[in-house]
Amino acid sequence: MHTFQPCPIEVFESNPFTMLGKDWAVLTAGNRKKTNSMTISWGGFGVLWNKNVCFVFVRDSRYTKKLMDANGTFSLTFFQKDFNRSILMYLGSVSGSREDKMKMTHLNMNYADDIPFIDEGNLVITCRMLSASKLTPDSFLDENISARHYKEGDFHTMYVGEILKILAR
């Protein structure tokens, strides 16, 4: 296991647009008995309800969603630029209900206050869920969103999580 140090949120500097949209993150949910990880590229960071938060989007069909809903916490793990992109693609396309993704990728699970995260990352954000809002066709003001992103009807839930810790390796 790698050693991670707390990173005070006041000194945390990163571009949220490239962190998620370009470099991607791995969202992990579960507990010490059962976990699952999936790659995400939609989300963001900000302040809501006087708390530092992140928000992420998880499709209803994803196995990770069940673990998020059951445990109320999640983590985001970010990797160095030279990390094997095919592993991130695999984590985002294969269901953890059918395969042991950690075994297949040779990645290791670590924990911060019982919140699981990928040990091979270089930056980890742990979160406690504050809100879960299901996106529905009638919630879109731009009529093209539903046709472009939800042809199969597999909508996302938007989770808002309070940032508990930022850990850096």
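Now for a description of the structure that goes with this document. In this text, all values refer to a predicted model and were calculated from it rather than measured experimentally.

### Thoughts on the nonpolar core
By size, the foremost hydrophobic cluster in this structure holds 24 residues, and its most contacted members are Leu-27, Ile-40, Val-56, Met-68, Phe-74, Leu-76 and Phe-78. Mapped by element, the contributors of at least two residues to this core are α1 (16–21), β2 (25–30), β3 (35–40), β5 (51–59), α2 (63–71), β6 (73–78), β9 (123–134) and β10 (156–168). Per-element accounting of this core gives the leading share, four residues, to β9. If we ignore the near neighbours within four places in the chain, the residues touching Phe-78 are Met-19, Leu-20, Trp-24, Ala-25, Phe-45, Gly-121, Asn-122, Leu-123 and Ile-125.

### Some details on the side chain of Thr-39
Residue position: Thr-39 is located in strand β3. A polar atom in the side chain of Thr-39 sits 2.5 Å from the backbone oxygen of Leu-88. From its side chain, Thr-39 meets the backbone nitrogen of Gly-92 in a polar contact 3.5 Å long. Apart from the residues lying within four places of it in its own chain, the contact partners of Thr-39 are Trp-24, Ala-25, Val-26, Leu-88, Leu-91 and Gly-92.

### A short note on unusual backbone geometry
Generally, phi is negative for residues other than glycine and the peptide bonds are trans, each holding for most cases. Phi is positive for Asn-50, which is not a glycine, with a value near 60 degrees. Along the polypeptide, Asn-50 turns up in the loop between β4 (43–48) and β5. Even without a glycine there, the phi angle at His-106 is positive, about 65 degrees. Secondary-structure assignment places His-106 in the loop between α4 (101–105) and β7 (109–112).

### Observations regarding the pairing of β10
Looking at chain direction, strand β1 (residues 5–6) and β10 are connected through two bridges and run antiparallel. Bridging across to β10, Gln-5 finds its partner in Ala-168. Looking at chain direction, β5 and β10 are connected through seven bridges and run antiparallel. From the neighbouring strand, Val-56 faces β10, where its bridge partner is Tyr-159. One ladder, built from eleven bridges, connects β9 with β10; its direction is antiparallel. Its bridge partner being in β10, Ser-131 is matched across the sheet by Val-160.

### Regarding the pattern of salt bridges
Applying the stated rule across the entire model yields seven salt bridges. Its salt-bridge partner being Asp-114, residue Arg-32 comes within 2.7 Å of it at the nearest N-O pair. Of this pair, Arg-32 sits in the loop between β2 and β3 while Asp-114 sits in the loop between β7 and β8 (115–118), and the two are 82 residues apart along the sequence. The exposure class of Arg-32 is exposed, given its relative accessible area of 53%. Its salt-bridge partner being Lys-65, residue Asp-69 comes within 2.8 Å of it at the nearest N-O pair. Here Asp-69 and its partner Lys-65 are both found in helix α2, four residues apart, which amounts to about one turn of the helix. A relative accessible area of 14% places Lys-65 in the buried class. Connected through shared salt-bridge partners, Lys-51, Arg-128 and Glu-162 make up one network.

Basis of the calculations
- Going along each chain's sequence as written, the residues are numbered from 1 onward.
- Where totals are concerned, whole chains, interfaces and linings use all residues; where local detail is concerned, this predicted model gives features only for residues with pLDDT of at least 70, and gives and counts side-chain atom pairs only at 80 or more.
- As a rule here, side-chain values come from all non-hydrogen atoms in the structure, and water together with hydrogens is ignored.
- We define a nonpolar core as any set of buried Ala, Val, Leu, Ile, Met, Phe, Trp, Tyr and Cys residues linked to one another through side-chain atoms lying within 4.5 Å.
- Exposed residues in this analysis have more than 50% of their type's maximum accessible area, buried residues have under 20%, and partly exposed residues fall in between, with area computed by a 1.4 Å probe over protein chains only.
- Runs of E in the DSSP output that reach at least two residues are strands. Runs of H or I that reach at least four are helices, and both are numbered from the N terminus.
- The contact criterion used is simple: two residues touch if any of their non-hydrogen atoms lie within 4.5 Å.
- Here a polar contact means two N or O atoms within 3.5 Å. Within protein one must be a hydrogen donor candidate and the other an acceptor candidate, and residues neighboring in sequence count only if both atoms are side-chain atoms.
- Two strands are said to pair when DSSP picks up at least two bridges between them.
- Criterion for a salt bridge: a side-chain nitrogen of Lys or Arg within 4 Å of a carboxyl oxygen of Asp or Glu.

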